[in-house]
Structure formats: C-alpha cells, structure tokens
Amino acid sequence: MSTTEKIQMKLSDSKSARWTALFIVSVTMMFGYFFTDVMSPLEPLLTAAKGAENGLGLGWSSDEYGFFSGAYGYFNVFLLLLFFGGLILDKFGIRFTGVLSTVLMFGGALVKWYAVGHEFGGSVVVPFFGTYSTQVVIAALGFAIYGVGCEICGITVSKVIVKWFTGHELALAMGVQVATARLGTAAALGFSLPFAKAMGGVSASIALGAVLLCAGVLVYLVYCVMDKKEDASAAAVATEPEEGFKFSDLGGLFKTTGFWYVAFLCLMFYAGVFPFLKFATKLMIFKYGVDANLAGLIPAMLPFGTIFLTPFFGSIYDKYGKGATLMIIGSCLLTLVHGVFALPLNSWVLAIVMMLILGVAFGLVPSAMWPSVPKIIPMKLLGTAYALIFYIQNIGLALIPVWIGKVNQANTGADGVIDYTETMTIFAAFGVIAIVISFLLLLEDKRKGYGLQQPNVKK
Ligand SMILES: NCCCC[C@H](NC(=O)[C@@H](N)CCCCN)C(=O)O
C-alpha cells in the first residue's frame, strides 16, 4: 500500500480499529441487556407471599409483575421518547446521544433498586392499567426511565456499527454485537435468582446490574474518543460533504413500504421472544415441573444459542445474501415452538428442545433483519428509521407483558398453579403474523430491488 493510500484511509478501514470500536459499544450494550432481564428469573420470588421463600417474597401479583415488566417500554411509547431519541441521534450525533442514553440507563436502574429495597405501603391507581402497590409503581418508573436509555442506546449502537462497517462485514458485526448482548441476557437469566438468594434479597441482583451500568457509561466515554478520531479521518478523506438530516426527508421514510414491513415484523417477532422470556421461568416450573432453582437455566439456553448463531447467520447473509429467506425460516420456527408450548405435553426434555429451536429462530431473524435496514433506508435517516422500528417494537414490549400478566392471573387456579394454554397460543399467533409479514417483505424486495437477497460484502 502506498503512503498516499495510507493517508487517505479512514480509521474504520482498519480492521482492528473497527472491531475494537465494535467491542467497546457491544460491552456497553451487554451490561444493558443484563439489567433488562435481571428481574425475569426473580418472578417466583417477586410473586411469592410477602416474607415467604426465606423472607425474600415481595407479595406482587401476576398482574403487578406484568405491569412492571412492560414498564420498559411505557415512556418510549406513550411519551414518544424513543422517537425523539432517533431525531436527537440524527441531529446531535452518536457521542452526545450515547452518553445521554447510558446515563439514563444508570439513573433508571438506581430508582428501581431503591424501590425494590424499600417498603412503601399503600397503592397507586395507574390510569388505563389498574391499581398497583406503591413499590411496584416506583420500580416500574425506574424501569421505564431505564428503558428509554436502553432503547436510545440500542439505536445509537446500531448507527455506530453502520458507520464503521458499511462496505465491510456489516451483518457479521451486527451479529457479534447482538451475540455479546445476549451474553448479558443469559447471565441475567442464569444467575440473577441464585445471586439474589445467596445475597439475601432481590435488590442485590438489581444493585449488581446498576454497578455494571455505571461501568457502561465509562466504557462508552472510551468509545467517544475513537468516534472523534474516526470523524477526523473521514473528514480528511471525504471529497463531497455528507448530506445531513432534514425533517422533510421523513416523508420519504414514511412512504417506504419495505420499512413498514421490517417494523411490523420486528413488532411481531420480538413480541414472541422478549415478553415470553419474562414469563418463561415460571412456565418451566408450573407446566414442565422443573425445580425452581434450575428453572431459569432453561430460558437462559435461548440467548446462549444465539451467541454463536447470530454471528454465524450474519456471516452467511454477508457472503451469500438470502436475508428475507432467513427471516421467513426464523418466523416459522418461532411459531412452531410456541405452538408446541401451548400443547398439553409436559416433558421438560421437550421444553429444552423447544427452547433450543427458539434459539435458532432468535439467531435467524435478528441477524438478517437489522442489517437489512440500511439496504432500505439511507444513512442520514438511519437513526430515525431504527428509532421508529424500535418504537413500534416497544409497543409490544410495553403492552404484551401487561396482557400476559392479566391472562396468567385469570388462568391461575385456586392452588396457585397457572394454566399456560391461552398464554402460549397468544405467543404462537404472533409467530403466524410474523410469517405473513416476512413473505410480504420478500415480495416487496422483488418489486423494489432493495437487495435483501444479495450479499452485503462488496467483492
Ligand atoms: N442493530 C440493531 C440491533 C437490535 C438488537 C435487538 N434489540 C432490540 O430490538 C431492542 N429494541 C430491544 C431490546 C430489549 C432487550 N434489551 C435484539 O435482538 O436484541
């Protein structure tokens, strides 16, 4: 390589630099994912009678647990904060938005930690939702603030990856980021319950998550240094100034049918995964008779599988294309798994097999869907596009746990045991709709030539 060529390289053209940048932002996101699911395996403790379970029970109802779990998306959806987050990202950039979002995550975590560790007494009427104990409502408030930070951080990290990896291994990079994040989810699902029990309280697991989020803020500040250098090197190379974001461009985004298909596929597919995980530990105990101390390990297999599969499917997409086909297969597997969970078959071996298949589905769709967005939407609108997709997805993340919590409550027998048939049929229905949408996306790709079936790596 000549000296001139070296001088004209962007920092992101260096393989080691772009993978270092990816590693840094992925760690921040991983800490976030740990915190998102830190409460999921604690459902049996949260919903045990106050003082039961060696004094660890908090006495929440299934309805309260559902309300709390959905809080992740309340501010994102009802206050439109995620949508504004996308505009902030496109207007003020990756460094400002990333720092803002990580600080919000940490702040929200502290509120939730405070709520769960204290007795408040009394209850609060939440319009349109119901009446919940003050502790649940404050914990939900913290989780809602955290959710705003985590989602804005998610779109920021997506934009970071597109910035560094366009023209390189984009889908693989996105797959690696998602896989790293899944490590956080798996750690939360696997260790949160034993950790809380060992430390003598639910709030111990939340405190651990909050400490990790604090580290996440610091790690992101390190990325900001790299981002500045990348911008400086890009400015030295660029011949024409990059086109900036204009509000008038939003019309074009709204009129893009492929974009809406991706957004609704995202809503339906993720509705069948993340809200399911919130209830899966208790499902394993009640439906499949798994010991309460081990029950969290079965849902934890789901993210573990995706740790390897998401980058694997991502690199297949990079090399061979077939993004829309990968999404169709993933949606079919999601439907199959929830359909089987709805059947009156109670073998824990079957539950493990289904969880592993769900892991394949959870590797397939994200590895193909997220890198497809930059093929449909230009870079200058990418922050807003990801934000809108996340926004629509968050409607599901916010409301489905509330719905499922109420369904579980209604299907709880006098002995406290839940019949999960209705719950799992609802999750299977999300899968069916996801299949239909992914076929529509394939047809739209044929019509518009987005290139979803084409490889990402330029030869
Ligand atoms: N490049 C986009 C990666 C998105 C990964 C995706 N995350 C989400 O969809 C988030 N909006 C929701 C995350 C909720 C749990 N923290 C994923 O597959 O995780």
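Check the entry above for the structure.
Read on for a plain summary of the structure. What you see is a predicted model, and the numbers here were worked out from it, not measured in a lab.

Examining the packing of helix H13 (residues 257-271) against helix H19 (residues 421-448)
Close contact between H13 and H19 brings their axes to 8 Å; oriented N to C, the two are set at 160°. It follows from the interaxial angle that H13 and H19 lie roughly antiparallel. Relative to H19, H13 is oriented so that their crossing is left-handed. Seen from H13, the contacting residues are Thr-257, Gly-258, Tyr-261, Val-262, Phe-264, Leu-265, Met-268, Phe-269 and Ala-271; seen from H19, they are Phe-427, Phe-430, Ile-433, Ala-434, Ile-437, Ser-438, Leu-440, Leu-441, Glu-444 and Lys-448. Across the contact of H13 with H19, the residue classes break down as 14 nonpolar, three polar and two charged.

A few points about the packing of helix H17 (residues 348-376) against helix H18 (residues 382-410)
Running from N to C, H17 and H18 point in directions that differ by 135°, and their axes come no closer than 10 Å. When the axis of H17 is compared with that of H18, the two are oblique. Every pair of crossing elements has a handedness; the one defined by H17 and H18 is right-handed. Only Leu-382, Ala-385, Tyr-386, Ile-389 and Phe-390 of H18 make contact with H17, whose side of the interface consists of Trp-370, Val-373 and Pro-374. For the contact of H17 with H18, the residue count by class is eight nonpolar, no polar and no charged.

Looking at empty space enclosed by the protein
Enumeration according to the criterion identifies one cavity of 30 Å³ or more in this entry. Considered as a void within the structure, the largest cavity measures approximately 420 Å³ in volume. Contributing to the lining of the largest cavity are 28 residues, with Tyr-33, Glu-151, Phe-274, Phe-390 and Gln-393 lying nearest its centre. Looking at the lining of the largest cavity, the elements with two or more residues in it are helix H2 (15-36), helix H9 (134-165), helix H10 (170-199), helix H14 (274-286), H17 and H18. Considering each element in turn, the lining of the largest cavity owes the most residues, six residues, to H9. Residue composition of the lining of the largest cavity, grouped by class: 17 nonpolar, seven polar and four charged.

Considering the pattern of salt bridges
This structure, assessed with the given rule, holds twelve salt bridges. Where Lys-159 meets Asp-90, a salt bridge forms, and the shortest distance between an N and an O atom there is 2.5 Å. Taken as a pair, Lys-159 in helix H9 and Asp-90 in helix H7 (residues 81-92) lie far apart in primary sequence, 69 residues in all. Both residues of the pair, Lys-159 and Asp-90, belong to the buried class. The salt bridge partner of Asp-227 is Lys-163, with a shortest N-O separation of 3.0 Å. In this pair, Asp-227 is assigned in helix H11 (residues 202-237) and Lys-163 in helix H9, connecting sequence segments 64 residues apart.

Cut-offs used in this document
Counting restarts for each chain, with residues numbered from 1 along the sequence as it is written. Since the coordinates come from a predicted model, pLDDT governs what is reported: local features require at least 70, and pairs of side-chain atoms require 80 or more to be given and counted, while whole-chain, interface and lining totals use all residues. Side-chain measures here rest on the full set of heavy atoms in the structure, leaving out hydrogens and waters. To get an axis, fit a line to the C-alpha atoms, keeping to the stretch in contact for a helix; angles then go from 0 to 180 degrees between the N-to-C directions. Runs of H or I in DSSP of at least four residues are treated as helices and runs of E of at least two as strands, each being numbered from the N terminus. Geometric relationships in this document are graded by angle, where less than 35 degrees denotes roughly parallel, more than 145 denotes roughly antiparallel, 65 to 115 denotes roughly perpendicular, and other angles denote oblique. With the far helix as reference, a near helix turned anticlockwise by less than a right angle produces a left-handed crossing, and one turned clockwise produces a right-handed crossing. Pairs of residues are marked as contacts when any of their non-hydrogen atoms sit within 4.5 Å. Polarity classes work like this: nonpolar for Ala, Val, Leu, Ile, Met, Phe, Trp, Tyr, Cys and Pro, charged for Asp, Glu, Lys and Arg, and polar for all others, with Gly in that last group. Cavities and pockets were defined on a 1 Å grid built from protein atoms only: a cavity is a group of points that admits a 1.4 Å probe but offers it no way out, a pocket is an open group of points flanked by protein on both sides within 12 Å along at least five of seven lines, and a lining residue is one with an atom within 4 Å of any such point. Grid points are joined across faces, edges and corners, and a volume is the space filled by probe spheres set on the points. Whenever Lys or Arg places a side-chain nitrogen within 4 Å of a carboxyl oxygen from Asp or Glu, that contact is recorded as a salt bridge. Each residue is assigned to one of three classes by its accessible area relative to the maximum for its type, calculated with a 1.4 Å probe on protein chains only: buried under 20%, partly exposed between the two thresholds, exposed over 50%.

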